[in-house]
Amino acid sequence: MENPDFANNELITLLASSAENLKQTVEDLTEIVKVNLSNEELQHIQLSKVIEKNIKSLSSQISRGGIKILNEVPNVIQINGISAYIDSIVLNMITNAIKYKSEDRESFLRIYCEEEMETLHLYFQDNGLGIDLNKHRDKLFGMYKTFHHHDDSRGVGLFITKNQLESMGGKIAVESEVNIGTTFKLTFKK
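Residues numbered from 1 in each chain as written. Predicted model: local features only at pLDDT ≥ 70, side-chain atom pairs only at ≥ 80, totals over all residues. Heavy atoms only, no water.

Side note on the pattern of salt bridges
Close approach of charged atoms allows side chains of opposite charge to pair.
Here's step 1: Within the structure shown, the criterion is met by 4 salt bridges.
Here's step 2: A salt bridge links Asp87 to Lys53; its shortest N-O distance comes to 3.1 Å. Of this pair, Asp87 sits in helix H4 (residues 83-99) while Lys53 sits in helix H2 (residues 47-57); the two residues are 34 residues apart in sequence, bridging distant segments of the chain. (Salt bridge = Lys/Arg side-chain N within 4 Å of Asp/Glu carboxyl O. Helix = DSSP H or I, 4+ residues; strand = E, 2+ residues; numbered from the N terminus.)

Let's talk about the nonpolar core
Here's step 1: Leu47, Ile86, Ile94, Ile111, Leu122, Phe124 and Leu186 are the most contacted members of the largest nonpolar core, which has 38 residues in total.
Here's step 2: When residues of this core are traced back to their parent elements, those giving at least two are H2, strand S2 (67-71), H4, strand S4 (107-115), strand S5 (119-126), helix H6 (157-167), strand S6 (171-177) and strand S7 (181-189).
Here's step 3: With 8 residues, the top contributor of residues to this core is H4.
Here's step 4: If sequence neighbours within four positions are ignored, Leu122 has contacts with Leu47, Ile51, Val73, Ile111, Tyr112, Cys113, Phe184, Lys185, Leu186 and Phe188. (Core = buried A, V, L, I, M, F, W, Y, C linked by side-chain atoms within 4.5 Å. Buried < 20%, exposed > 50% of the residue type's maximum accessible area, 1.4 Å probe, protein only. Contact = heavy atoms within 4.5 Å.)

Describing the environment of Ile89
Here's step 1: Structurally, Ile89 is set in helix H4.
Here's step 2: Assessed through its relative accessible area of 1%, Ile89 is described here as buried.
Here's step 3: Placed 71 residues apart in sequence, Ile89 and Ile160 show a C-alpha to C-alpha distance of 8.4 Å.

A short note on the packing of H4 against H6
Here's step 1: Between H4 and H6, the least distance of the axes is 10 Å, while the angle of their chain directions is 145°. Of the two elements, H4 crosses H6, and the hand of that crossing is left-handed. Each of Tyr85, Ser88, Ile89, Asn92, Met93 and Asn96 in H4 lies in contact with H6, whose residues at this interface are Gly157, Leu158, Thr161, Gln164, Leu165 and Ser167.
Here's step 2: Taken together, the residues of the contact of H4 with H6 sort by class into 5 nonpolar, 7 polar and no charged. (Axes fitted to C-alpha atoms, helices over the stretch in contact; angles between N-to-C directions. Left-handed = near helix turned anticlockwise from the far one by under 90°. Nonpolar A, V, L, I, M, F, W, Y, C, P; charged D, E, K, R; others polar.)

Here we look at the packing of H2 against H4
Helix packing geometry: the angle between the two helix axes and the distance between the axes.
Here's step 1: It is the contact of H2 with H4, at a shortest axis distance of 9 Å, that shows an interaxial angle of 50°. What the angle tells us is that H2 and H4 run oblique. Regarding H2 and H4, the two cross each other, and that crossing is right-handed. On the side of H2, the interface is formed by Leu47, Val50, Ile51, Lys53, Asn54 and Ile55, while H4 contributes Ile86, Asp87, Val90, Leu91 and Ile94.
Here's step 2: Tallied by class, the residues present in the contact of H2 with H4 amount to 8 nonpolar, 1 polar and 2 charged. (Parallel < 35°, antiparallel > 145°, perpendicular 65-115°, else oblique.)

Comments concerning the packing of aromatic side chains
Here's step 1: Counted under the stated rule, the structure contains 1 aromatic pair.
Here's step 2: Plain terms: the ring middles of Tyr112 and Tyr123 are 4.7 Å apart, the flat faces sit at 10° to each other, and that makes the pair stacked. Taken together, the residues Tyr112 in strand S4 and Tyr123 in strand S5 connect sequence positions 11 residues apart. You'll find Tyr112 and Tyr123 in the same group, each marked buried. (Phe/Tyr/Trp six-rings, centres within 6.5 Å; stacked < 30°, edge-to-face > 60°.)

Here's the deal with H4
Here's step 1: For H4, built from 17 residues, the straight-helix expectation of 24 Å at 1.5 Å per residue is met to within 8% by its first-to-last C-alpha distance of 24 Å.
Here's step 2: Within H4, the full set of buried residues consists of Tyr85, Ile86, Ile89, Val90, Asn92, Met93, Ile94, Asn96, Ala97 and Ile98. (Expected span 1.5 Å × (residues − 1).)

Structure follows, in structure tokens:
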């Protein structure tokens, strides 16, 4: 306060930026530790209800982004999971489709599922920017890995999604082509 010019000093600006980045890192790591320490019981979750809730809560972003979302998951479909994790996973998949949509065409996100005897595959298929899997497949679910230049991309969403799925006995896979789109395949126990 005695030296107001001091706050504009380049070193102080860098220090403030580093402190903010460190704070964000601690918050991200805290979120990951919560996933790994969770001992919640798996419960039956009606998948379409979670999807519709997230579509509704993101309706303004969906509208602003001009993306059409098709929820083709039947109401009868249930999975075993941790409610907060399923909600977080669906939210992340939808927000990624909005964030990484193509500006060159009408955008869509198709959400559908396929059943097997013991598992359910939930698909999030978009026609967005896509990911070069030849370059990035090994890093795709790594922490702080981003593949497009967006100001709000932190590179933790897919990392947390993968950890949440695996903590419930599930798994995630991806197919993608640059400028064609991406399909995430999430596998859950029925």
